[in-house]
Amino acid sequence: MAVVTTISSDAHTWNLVYLQLILEECGWQVINLGPCTPVELVVESLTGSDVDLLVVSTVNGHGLLEVPSLLDAVLRVPERVRPPVVLGGKLNTHGEINDDEVRRLRDMGFAEVFVRETAVDAFRSYLSGFSVSSTATAA
Ligand code: B12
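The name an unreviewed UniProt entry assigns to the protein chain is Cobalamin-dependent protein, from the organism Streptomyces siderophoricus.

Here is the structure:
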């Protein structure tokens, strides 16, 4: 199962729906926490369920400022229930971030960072590395 979320300041919704649809197409069950997600809700969503992947999407330009505190909170979740956390979208006010910033986010603890026009294709190939047999929705 995957949880799709954003940062607490971000009101954009269709990016979250888009990612939910990609994940569902790939056989995942998805909990979409919706826009302006409080950090506490993200943490709570990981402790109650069997979550294999946390997908953070933000496009309002505040991503680089806000994702460190979200990640900090998630990294305090016990390791046995903590899924990998991936990030993507338009992460600063210019839309795109540079390779140094991508590296810094990975060093911080994001398993992958998907930006620029290749983001969705790269995300799909990242998903292909998971076995969806345990996460697929029953037909
Ligand atoms: C609709 C919209 C709004 C609506 C949102 C309504 C809603 N319920 O969703 C409203 C009017 C509320 C809004 C408000 C604002 N918006 Co607005 N908005 C848009 C707009 C026109 C379309 C967004 C959209 O729905 N796209 C469709 C989805 C499917 O695409 P997407 O979001 O781009 O996501 C794609 C990729 O980024 C990628 N992706 C995103 N996340 C992730 C995550 C992963 C893991 C992966 C793999 C890929 C990925 O995949 C998606 C498909 O390709 C864009 C401009 C544009 N044409 O994109 C601006 C835009 C996102 N908004 C912008 C801004 C600045 C704002 C405001 C700050 C404006 C203001 N001054 O008030 C506020 C912020 C409000 C807030 N608190 O967040 C900027 C962001 C600038 C930046 N980051 O560089 C944009 C780009 C407009 C611009 N060119 O300046 N907005």
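Now that the structure has been shown, the text picks up again.
Draft legend 1. Molecular detail of the site of the ligand. Taken together, 26 residues sit near the ligand, with Ser9, Ala11, His12, Ser57 and Lys90 positioned nearest. Take His12: an N or O atom from its side chain is 2.7 Å from a nitrogen atom of the ligand. If you list the elements that add at least two residues to the shell around the ligand, you get helix H1 (14–25), strand E3 (53–58), strand E4 (85–89) and helix H5 (119–127). Sort the elements by how many residues they give to the shell around the ligand and H1 lands first, with four residues. Here the shell around the ligand is composed, by residue class, of 11 nonpolar, 13 polar and two charged.

Draft legend 2. Molecular detail of the packing of H1 against H5. As a packed pair, H1 and H5 sit with axes 11 Å apart at the nearest point and diverge in direction by 35°. Judged by the twist between their axes, the crossing of H1 over H5 is right-handed. Listed contacts from H5 to Tyr18, Leu19, Ile22, Leu23 and Glu25 of H1 are Val120, Phe123, Arg124 and Leu127.

Draft legend 3. A look at the side chain of Thr6. The topology assignment puts Thr6 in the loop between strand E1 (2–5) and H1. With a relative accessible area of 0%, Thr6 lands in the buried category. Of the polar contacts made by the side chain of Thr6, one reaches the backbone oxygen of Ser57; its length is 2.7 Å. Apart from the residues lying within four places of it in its own chain, the contact partners of Thr6 are Leu16, Gly34, Pro35, Cys36, Thr37, Val56, Ser57, Thr58 and Leu70.

Conventions adopted
- Residues numbered from 1 in each chain as written.
- Predicted model: local features only at pLDDT ≥ 70, side-chain atom pairs only at ≥ 80, totals over all residues.
- Heavy atoms only, no water.
- Near = heavy atom within 4 Å.
- Polar contact = N/O pair within 3.5 Å; in protein donor to acceptor, adjacent residues only side chain to side chain.
- Helix = DSSP H or I, 4+ residues; strand = E, 2+ residues; numbered from the N terminus.
- Nonpolar A, V, L, I, M, F, W, Y, C, P; charged D, E, K, R; others polar.
- Axes fitted to C-alpha atoms, helices over the stretch in contact; angles between N-to-C directions.
- Left-handed = near helix turned anticlockwise from the far one by under 90°.
- Contact = heavy atoms within 4.5 Å.
- Buried < 20%, exposed > 50% of the residue type's maximum accessible area, 1.4 Å probe, protein only.

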